[in-house]
Structure formats: C-alpha cells, structure tokens
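Survey of secondary and tertiary structure
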Amino acid sequence: MASAAAAGIAAQNVRKSFGDHVVLENVSLAVEEGTILALLGPNGAGKTTMVRILSTLIPPDSGSMRIAGHDVVNDPDGVRAVIGVTGQFSAVDNLLTGAENLQLMADLRHLGREAGRRRVAELLEQFDLADAADKLLSAYSGGMRRRLDLAMTLVDQPQVIFLDEPTTGLDPRSRRTMWQIIRQLAAAGVTILLTTQYLDEADQLADRIVVLDQGRIVAEGTPAELKSRIPGGHVQLHFADPRGLRTAAELLPAAGSDQDQLVLQVPADGTVDSLRDLLNELHEARIVVERLSIHTPDLDDVFFGVTGSHVSAQPNQDSRLQGAANR
Amino acid sequence: MTTLAYTLSDSRVMLRRNLKHQLRYPSMTVMLIGLPIVLLLLFVYVFGGQLGAGLGTHDGRGAYLDYVVPGLLLITVASVVQGTSIMVAMDMTGGIIDRFRTMAIARASVLTGHVLGSLIQTLAAMVILIGVAFGLGFRSSAGPLSWLAATGILALFAFALIWLAVALGLAAKSVETASNTPMILLLLLFLSSGFVSTATMPTGLRQFAEYQPFTPVADAVRGLLSGTAVGGHAIAAIAWSIGIAVVSYLWGVRLYNRRRAAEPK
C-alpha cells in the first residue's frame, strides 16, 4: 500500500448512489505504481462512475481515495495536475484540427510555447497522426479520434491515467494498436486504471483485475489467479470409434464422455506434467486417441462463476475478423 | 505563475478556441451576422416607406433608417447571443467539457472564453451592420464622444445578454433547446421602442414596452446617435445591463458548478 500511496491509486470503501439507486457499494481497490488494473464488468456495473469519482468529476457519498498521494476529495486540483483521463465518449474538439487539439491541451497545461510545440509534434508522430495533423476532426476515423483522444491525455505526461472503455467501438486493428500503446505506457512507469467489458482485453493488458457487478466487487486478482480459482480446465480426447471411447472412459472415471461426438473430457490443471501422465496412462493401456485439445479456463468462465451470468464474448468474434483481415 | 496569471492565460486559450470555432463554423457565424443585415434591408425598403410616413418628415424612408438603426444593432446582439447559447450547449453536451474538468485549469476560463469570444463577435457584427447602414444612407450627427458612449452602452448590454445566453446554454438539456430559448429576446425586442415609437402602441402593451430592458437601451443609443437628449434612458440602460449581467453570471456559475454532481449522461 505504501507504493500505491507514492504514485498509484488507493481507494477505500467508495460508495455512491444516485437517488435510491446504489451504484457503488464499498468498492476498495489499489493500483501500484506503473501497473495496470482492469475494472471489468458488464454495462451498468458502476465502472464509469468509479472512474468519474477517482478523476474528480463527481464526488463520492463516502470513502477515501488518494491518487499519487493527493486526496481526491480535499485536493482535487492536486489530483488533476497528475492525472490524465480518456473517457468513454471522445473528449476532442470537433471544430479544431488534430494538431490544434493537442496544442490546446499543451496551452492549458502551461507547457510554454517551445516545449508545447515540441510535445505536440512528438505525440502526432508517436500516435501516427502526423499526416492528419492539420485536418479537421470531421475527416478522422473512429480509431484516429481515439488515438488523438489518448494523445491529448498524455500531453503533460501524467503519472496516473484513467481509460474508460478505451477500445469500445474500435475495429480489431485499431484495438490492437491501442493495446500496444497502453502496454508501452505502463512499461514507462505510468499507473493505469482501465475499465472494460471485454474479457480478453483485461486478460491481455492487466496486471490485476477487479470484477465489478452491480456496484460490488465480486472477484479480484491477477488474470492467472482468477482463472485458477475456478474449475473448467480440461483436456478433450477425440476418438475414432466408440470402442476406444468406452475403454478410455473406464480407465478415467473422473472424465465425462460424449457418445455422439466421441469425445472424452478429462479434468486437468493445464500443467505439462499432468498432461504427460495422462498420455502415458493412455499409452500403457494401448488406447488410441485420434487427437486432443486443451481447454484452459478463460475469464468468461470466471465471470460466469462469480456472477452467474455471461458477458458478451465479442473478443472471439474480433480475433476471427482479425484473422480474416490478415489473410 | 500566480493564480491570476493562470486564470488569464487559460481564459486567453479558451478565447482563442472560441474565435477559431466561429471561423470553423462559418455557416452559423454568417447566419448570425447576416440576419440583422437582411432585417435592416427588409425594414428600410419593405416597411420603411410606410413606417417612415409616420415620422412626419419629407424623406420618410431615410428618416426611418436613422430611427431603426439602434433597433437593428440590438437585433445583432440578440442574434449573436443565440450562437453563444448554442456553442455553450454544444460544449456541455460533448465529451470535451469532462476533459477540461479533469484538468487543473482555471474553472471560470471555459465560460469567460465563451463570453469574450461572443463579445468580440457582437462588436464585429455591429461594425458590419453600421457599415451597411452608412452605405444605405444612414447619417448621424453624433460626435466621437457620443459614439463612444453608444458603443459602451451597447457593449455593456451585449455583455449582459451574453452571460444570460451562457446561462441558458448551460441550463439547456440539448443543443436544440439552447438554440430556441434565446428567441424570446428577439420577441422582447419587437415589443420595445426598437422599431416603432412606444407612443403608437395600445396602453397595456406600451406600459410593458416602456418597462423592459430593450426600450431604454434603444432610446439611449438613438439619442446618442441623433444628438438628442438621452437623460434617464442611459441610466436605465446601464442599470438593466448590470442587473441582467449579475443575475445571469451567478445563475450561470451555479449551473456550471452543479453539473459536477449530475449523473453521467
């Protein structure tokens, strides 16, 4: 917690309700300096409200929060000086060009004429917007706007950034570019809190994940911890004929068999040793397996396990699209 | 830099942003500045012959032109503030305002940027209108001091209405509402001494017309430009302007700060 106080995020017992509707109930989280925490949950879980509270946009009903050592409630300007926020709705000025948008941020951050101009040029280059620098935003694609949005957040090199659903609505290629940028930021020591409803995004980016559902934390840990916490890992053995399936089922009583598909599902923890043991056992019993596939639990399993409902599984669709695009 | 220096710097940045907006959104700027000119032509060449006959001079249309210019200067103000209201509402309903709020910038600068930008736009629009009026034959016997005083009164009144428009823009739930509510100002202007003498109106309407802000401003400016007595009109105009400015400012700032606590979306 000490390091979180230095340049990270520490929030304790944050509560917020709008009228009778409780949006956040005793949410506590800590993000260590230079790490990424993903706040994962379906629409309406309270993710955006948490970001709005931490970024000083709305006050909490109760709770204590410190960002890089600054108290959110008592020292909002101190917080504002060290954070950058990229919201769900693009926070760009549509009547200005890309370069003017960045220059506006540089001026408002009081970078000074020379330093400001240098930083603007640097960001245009880094975010691959140099060619479109002098175009009005009406000529920008969704991905370009999102990149500009993030670039605007980074003008003054904030220590802590909040990304509210940074890739929602982006095409797969832009999404991957965005992921790459976020990883680079964390590698450079920036503390990042991002919200997402995409499980693969949290899995890809986050050091730690907090699963939020209806304003409450329902699970938290590293992606690996969350996955290991729930059962669901197994090896699928495919057989050429029912006889092989039957023999194997007798050998492995813990497995579930599917007579129609000629498939046997053997529970497994995903380690190489257990897989080797399983294969040796089958080999010694002279059982011929046509092929096998390994299923490791993904975050959808986690989410189902802790909330009893699935989250939209867009990522799968995305990777398929990505595959098609690469071909 | 001191807090004051930051406030000034941030306000200047916001002002520059708003002036750029006016240039980048030319259809609106042209519309807001063009409307008073179209109305000037309409009043002088369509209504002017008939209305001027009531003024009892040899050249009725020319006399009416001299009479109506202050009214059209006020149309210019009412027209530009409609744009202010729209621009403020566009800012507030867009994502960029949240970005500004999460930055350590002078809180007032977003609003002062709008106010100063609109004031410059109003003054520019009035200069254009006066230019067109001179082209049509408008003549004034006013000396430099009277021109200065008239400009001061108009600028102060514009400042007040701009703050009112800012508050209306902040209060509006949508850009459409923000574009409609300032229309009330145009209606008020028609029910004043801007286009015809209040003496020609029926009693009830005349009383209303004499006790609303547009009449003393129109009368004061008309007096200054035609070299006749201004008297209490100027004082009433200044009092109305300060009153509207203070109330609108307080209301606007309150709305602006209260938005913080609002539920997202």
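Above this note sits the structure.
Residues numbered from 1 in each chain as written. Chains lettered and ligands numbered in written order. Predicted model: local features only at pLDDT ≥ 70, side-chain atom pairs only at ≥ 80, totals over all residues.

**Quick notes on the overall build of chain A**
- Check the secondary structure of chain A and you find 13 helices and 14 strands.
- Each of the 327 residues in chain A was classed as buried or not, and the buried ones make up 43%.
- Relative to all contacts within chain A whose residues are 6 or more apart in sequence, the contacts with residues 24 or more apart total 68%. (Helix = DSSP H or I, 4+ residues; strand = E, 2+ residues; numbered from the N terminus. Buried ≥ 20, exposed ≤ 12 C-beta atoms within 10 Å, placed from the backbone. Contact = placed C-beta atoms within 7 Å.)

**Digging into the overall build of chain B**
- A tally of regular secondary structure across chain B gives 11 helices and 0 strands.
- Taken from N to C terminus, the helices and strands of chain B fall in the order α-α-α-α-α-α-α-α-α-α-α.
- For 265 residues, the compact-globule estimate of 2.2 N^0.38 gives 18 Å, and the C-alpha radius of gyration of chain B, at 19 Å, lies within 12% of that figure.
- Dimensions along the principal axes, computed over C-alpha positions, put chain B at roughly 65 × 35 × 35 Å.
- The 265 residues of chain B split such that 44% are buried. (Rg over C-alpha atoms; globule rule 2.2 N^0.38 Å.)

**Digging into the packing of helix α6 (residues 144-171) of chain B against helix α10 (residues 214-226) of chain B**
Residue and element names in this part refer to chain B.
- For the pair α6 and α10, the least separation of the axes is 8 Å and the interaxial angle reads 165 degrees. In terms of axis orientation, α6 runs roughly antiparallel to α10. Considering the relative orientation of α6 and α10, their crossing is left-handed. Across from S146, A149, A150, I153, L154 and F157 in α6, the residues of α10 making contact are V217, A220, V221, L224 and L225.
- Class assignment of the residues belonging to the contact of α6 with α10 gives a composition of 10 nonpolar, 1 polar and no charged. (Axes fitted to C-alpha atoms, helices over the stretch in contact; angles between N-to-C directions. Parallel < 35°, antiparallel > 145°, perpendicular 65-115°, else oblique. Left-handed = near helix turned anticlockwise from the far one by under 90°. Nonpolar A, V, L, I, M, F, W, Y, C, P; charged D, E, K, R; others polar.)

**Section: the sheet that holds strand β2 (residues 21-31) of chain A**
Residue and element names in this part refer to chain A.
- Taken in spatial order, the 4 strands of this open sheet run β2-β1-β4-β5, and their pairing is antiparallel. In this open sheet, the two edge strands, each paired with only one partner strand, are β2 and β5 (70-71).
- Of the pairings in the sheet, the one linking strand β1 (residues 9-18) to β2 comprises 7 bridges and is antiparallel in character. Paired with S17 across the bridge in β2 is V22. (Pairing = 2+ DSSP bridges.)

**Comments concerning unusual backbone geometry**
All names here are of chain A.
- Located in the positive-phi region is Q214, a residue other than glycine, with phi close to 50 degrees.
- Mapped onto the elements of the fold, Q214 is located in the loop between β9 (208-213) and β10 (216-221).
- Phi angles above zero are rare outside glycine, and L262 is one such case at about 60 degrees.
- Inspection of the secondary structure assignment puts L262 in the loop between β12 (256-258) and β13 (263-267).

**Description of the sheet that holds strand β11 (residues 234-238) of chain A**
Residue and element names in this part refer to chain A.
- Spatially, 4 strands are ordered β12-β13-β11-β14 in an open sheet, and the strand pairing comes out antiparallel. Each of the sheet's edge strands pairs with one partner strand only, and the pair in question is β12 and β14 (291-295). The mean angle between the axes of side-by-side strands here comes to 20 degrees, regardless of whether they run parallel or antiparallel.
- Where β11 meets β13, 5 bridges bridge the pair, whose relative direction is antiparallel. Note that in β13 the partner of H234 across the bridge is P267.
- Sheet strands touched by helix α10 (residues 242-251): β11, β12 and β13. Its angle to β13, the strand with the most contacts, is close to 20 degrees.

**What about the environment of V46 of chain B?**
- Within the secondary structure, V46 of chain B is located in helix α2 (residues 26-53).
- Separated by 15 residues in sequence, V46 of chain B and R61 of chain B place their C-alpha atoms 9.7 Å apart.

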